[in-house]
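Descriptive analysis of the structure
Each chain is listed here by its residues.
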Amino acid sequence: MSVQAPQKRLTAPEISARKGGSPIVALTSYHAHTAAIADKYVDFLLVGDSLGMVMHGFESTLPVPLDLMIMHGRAVMRGAKRSLVVVDMPFGSYEESPAQAFRNAARVTKETECGAIKLEGGRRMAETIRFLADRGVPVMAHIGLTPQSINTFGGFKTQGRTRDQWAAIEEDARVVAEAGAFAVVLEAIAEPLAAKITKDLPIPTIGIGASAACDGQILVMEDMLGLSPRVPKFVREFGEVGKAIEKAIKSYADEVKARNFPAAANTYEMKD
Ligand code: KIV
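Keep in mind it's a predicted model, so treat the numbers as computed, not measured.

1. With respect to the site of the ligand
Taken together, the residues surrounding the ligand are T28, L46, G48, D49, S50, D88, K118, H142, E187 and I208. Between the ligand and the protein, one listed contact pairs an oxygen atom with a side-chain N or O atom of D49 at 3.0 Å. Between the ligand and the protein, one listed contact pairs an oxygen atom with a side-chain N or O atom of D88 at 3.1 Å. Here the ligand occupies the largest pocket.

Structure below.
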């Protein structure tokens, strides 16, 4: 009798080793069934705190609590079997001190069994990234436009449009890599700067609105599916899922109103 070997899940070091190699494919994911579909095609799934806006209707990511990230992280881990699952640390759960960050990152890791966490910030988070990485927590960094700092940025604006902004962003990238991050998300960074950072850094850059020059790309799944009511200009919509949902719900409502409905179930067997 042969027993099928358990499927191996990608790890943070394997993603890191893809620097300069074949492009890294990533999506956000908050939900078990869509995670299972995406799992066939992506290298990692990010349980992003964007779920606050996408799933829960908040105006920003700021109100998202740690428990909610853990709940969605567990759902995604149940759905995805092959890809690395990275869980975002929400606002207020890691900035106070390296010890606070470790305590909460350890909770996320134990309760979701994810393979890595992500946190926002460059130089200001370097000590924390090192503290976590030295204690067995793989960290994905996130620089450029960091949505948890939206109130200090004053809006969603591309970073590094002018040369005078480059040095600070380049330093953020260099410092998070030196601190031990295994990859870094570059969000809304002008193409020439994203290309330069990607060339200079020893770890993979994952772009979102930061051009094709990056080592990989991530999008919010609902945005690329065509399910989000408003998307940033750089997002390409690969589907029309919002329209498909509306069409299906309208047909259902029409059938119910017309009393044109299948016979009552006499068993509850599932379809094949
Ligand atoms: O929360 C999120 O979805 C993210 C991506 C934008 C990278 O951090």
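2. Quick notes on the layout of surface pockets
By volume, the largest pocket amounts to about 1100 Å³. Its residues assigned to classes, the lining of the largest pocket comprises 20 nonpolar, 9 polar and 12 charged. Considering only enclosed or pocket space, the second largest pocket measures out at about 430 Å³ in volume. Along the lines of polarity and charge, the residues of the lining of the second largest pocket split into 15 nonpolar, 5 polar and 2 charged.

3. Details of helix 9 (residues 191-200)
Since the α-helix packs 3.6 residues into each turn, any two residues three or four apart lie on the same face. Listed in full, the buried residues belonging to helix 9 are L193, A194, I197 and T198. Projected down its long axis, helix 9 carries its buried residues within an arc of 135°, all on one side. Buried residues along helix 9 sit against helix 8 (166-178), strand 6 (183-187) and strand 7 (205-208).

4. Observations concerning the nonpolar core
By size, the foremost hydrophobic cluster in this structure holds 57 residues, and its most contacted members are I117, I129 and L186. Contact partners of L186, with chain neighbours within four places excluded, come to I143, A194, I197, T198, T205, I206, G207, I208, A210 and C214. The next biggest cluster of nonpolar side chains, apart from the first, holds 16 residues, and it includes A26, L84, A116 and A183.

5. Some remarks on the packing of aromatic side chains
Under the definition given, this model contains 0 aromatic pairs. Directly above the aromatic system of F131 lies the positively charged group of R135, at a separation of 3.5 Å from the ring centroid. Over the aromatic face of W166 sits the side chain of R163, whose NZ or CZ is 4.0 Å from the ring centroid.

6. Some thoughts on the pattern of salt bridges
Note on pairing: side chains with opposite charge can pair once their charged atoms come close. Per the counting criterion, the structure on display carries 14 salt bridges. With a closest N to O distance of 2.7 Å, K196 and E170 form a salt bridge. Pair noted here: K196 is in helix 9 and E170 is in helix 8, with a separation of 26 residues, a long-range link. The salt bridge involving D200 is made with K199; its shortest N-O contact spans 3.5 Å. Classification of D200 by relative accessible area gives partly exposed; the value is 42%. A cluster of three or more residues bridged by salt bridges with shared partners is formed by E170, K196, K199 and D200.

Rules behind the numbers
- Residues numbered from 1 in each chain as written.
- Predicted model: local features only at pLDDT ≥ 70, side-chain atom pairs only at ≥ 80, totals over all residues.
- Heavy atoms only, no water.
- Near = heavy atom within 4 Å.
- Polar contact = N/O pair within 3.5 Å; in protein donor to acceptor, adjacent residues only side chain to side chain.
- 1 Å grid on protein atoms, 1.4 Å probe; cavity = no way out; pocket = protein on both sides within 12 Å on 5 of 7 lines; lining within 4 Å.
- Sits in = over half its atoms within 2 Å of the grid points.
- Points joined across faces, edges and corners; volume = space filled by probe spheres on them.
- Nonpolar A, V, L, I, M, F, W, Y, C, P; charged D, E, K, R; others polar.
- Buried < 20%, exposed > 50% of the residue type's maximum accessible area, 1.4 Å probe, protein only.
- Helix = DSSP H or I, 4+ residues; strand = E, 2+ residues; numbered from the N terminus.
- Arc of directions from axis to C-beta.
- Contact = heavy atoms within 4.5 Å.
- Core = buried A, V, L, I, M, F, W, Y, C linked by side-chain atoms within 4.5 Å.
- Phe/Tyr/Trp six-rings, centres within 6.5 Å; stacked < 30°, edge-to-face > 60°.
- Lys NZ or Arg CZ within 6 Å of the ring centre and 35° of its normal.
- Salt bridge = Lys/Arg side-chain N within 4 Å of Asp/Glu carboxyl O.

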